[in-house]
Amino acid sequence: MGKENLISIQEFCIHYKVPKSFINSLYDYELIEIISTENTQYVSVTQIKNIEKLIRFHYELDINLEGIHAISNLLDKLESLQIEVKKLHNKIDFYESE
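Residues numbered from 1 in each chain as written. Predicted model: local features only at pLDDT ≥ 70, side-chain atom pairs only at ≥ 80, totals over all residues. Heavy atoms only, no water.

Student: How do you make sense of the overall build of the protein chain when you look at a structure like this?
Tutor: For the protein chain, the helix and strand inventory stands at four helices and three strands. Secondary structure elements of the protein chain, listed N to C terminal, follow the sequence β-α-α-β-β-α-α. For a compact globule of 98 residues, the expected C-alpha radius of gyration is about 13 Å, and the protein chain comes in at 18 Å, more than 25% above that figure. On the principal axes, the C-alpha backbone points of the protein chain span a range of 60 × 35 × 20 Å. Here the contacts in the protein chain between residues at least 6 apart in sequence split such that 56% fall between residues at least 24 apart. Of the roughly 7,300 Å² that the protein chain leaves accessible, carbon and sulfur atoms contribute 53%. The distance from the centre of the 10 positive side-chain charges to the centre of the 16 negative ones in the protein chain is 2 Å. (Helix = DSSP H or I, 4+ residues; strand = E, 2+ residues; numbered from the N terminus. Rg over C-alpha atoms; globule rule 2.2 N^0.38 Å. Contact = heavy atoms within 4.5 Å. Areas by Shrake-Rupley, 256 points an atom, 1.4 Å probe, with all protein chains shown as cover. Lys, Arg positive; Asp, Glu negative; His and termini not counted. Charge placed at Lys NZ, Arg CZ, Asp CG, Glu CD.)

In structure tokens form, the structure reads like this:
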């Protein structure tokens, strides 16, 4: 992955006004991926939307990291179930149209 698709954690923390320890905690809970290159840690720009959501959970809704981990897992499961339901609806529509 090229560096143009990465943002350093330090820059991210300055921009979003969050401590680096929070980002490291998200990584420890396996909620985000951190990429280390040349002694600098980065997050992918594709993760920014998710990290923003996690920041809101913690700082605006006052949810601790354990709660964020549980919520994140439930949201991931919900998304996969919605995808599965959509596929099944498409199959039903296909067979009903014949």
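Let us keep going from here.
Student: In this structure, what is going on with the sheet that holds strand 3 (residues 40-44)? I would like to understand it.
Tutor: Each strand in a sheet pairs with its neighbour through backbone hydrogen bonds, running either in the same direction (parallel) or in the opposite one (antiparallel). If you walk across this open sheet you meet the three strands as 1-3-2, and the pairing is antiparallel. Lying at the two open borders of the sheet, with one neighbouring strand each, are strand 1 (6-8) and strand 2 (35-37). Across the sheet, the axes of successive neighbouring strands diverge by a mean angle of 40°, strand direction being ignored. In terms of strand pairing, strand 2 meets strand 3 through three bridges, oriented antiparallel. Note that in strand 3 the partner of Ser-36 across the bridge is Gln-41. (Pairing = 2+ DSSP bridges. Axes fitted to C-alpha atoms, helices over the stretch in contact; angles between N-to-C directions.)

Student: Is there a simple way to explain helix 1 (residues 9-16) in this structure?
Tutor: An α-helix turns once per 3.6 residues; consequently, residues spaced three or four apart project the same way. Those residues of helix 1 that sit buried are Ile-9, Phe-12 and Cys-13. The buried residues of helix 1 occupy one face: seen down the axis, they fall within an arc of 95°. Exposed residues lying more than 90 degrees from the buried face of helix 1 are Gln-10, Glu-11, Ile-14 and His-15. Where helix 1 ends, the next residue or the one after it, Lys-17, has phi of about 55°, a positive value. (Buried < 20%, exposed > 50% of the residue type's maximum accessible area, 1.4 Å probe, protein only. Arc of directions from axis to C-beta.)

Student: I tried to follow the nonpolar core on my own but got confused; where do I start?
Tutor: Proteins that are soluble and globular tend to have nonpolar side chains buried together. Core analysis: the largest hydrophobic core is formed by 19 residues, its most contacted members being Phe-12, Ile-23, Leu-26, Ile-32, Val-43, Ile-51 and Leu-54. When contributions to this core are tallied by element, the ones reaching two or more residues are helix 1, helix 2 (20-28), helix 3 (48-60) and helix 4 (65-96). With residues near it in sequence (within four places) discarded, Ile-51 still touches Phe-12, Ile-23, Leu-26, Ile-32 and Val-43. (Core = buried A, V, L, I, M, F, W, Y, C linked by side-chain atoms within 4.5 Å.)

Student: How do you make sense of the pairing of strand 3 when you look at a structure like this?
Tutor: Looking down a regular strand, the side chains alternate between one sheet face and the other. Where strand 1 lies against strand 3, three bridges are found, and the strand directions are antiparallel. Paired with Leu-6 across the two strands is Ser-44, which belongs to strand 3. Connecting the antiparallel pair strand 2 and strand 3 is a turn made up of two residues, with Glu-38 showing a positive phi of about 50°.

Student: What am I meant to see in the packing of helix 2 against helix 3 here?
Tutor: The relative placement of two packed helices comes down to the angle between their axes together with the axis-to-axis distance. Running from amino to carboxyl end, helix 2 crosses helix 3 at an angle of 110°, the nearest separation of the two axes being 12 Å. When the axis of helix 2 is compared with that of helix 3, the two are roughly perpendicular. Facing Phe-22, Ile-23 and Leu-26 of helix 2, the residues of helix 3 in contact are Ile-51, Leu-54, Ile-55, His-58 and Tyr-59. Residues of the contact of helix 2 with helix 3, tallied by class, amount to seven nonpolar, one polar and no charged. (Parallel < 35°, antiparallel > 145°, perpendicular 65-115°, else oblique. Nonpolar A, V, L, I, M, F, W, Y, C, P; charged D, E, K, R; others polar.)

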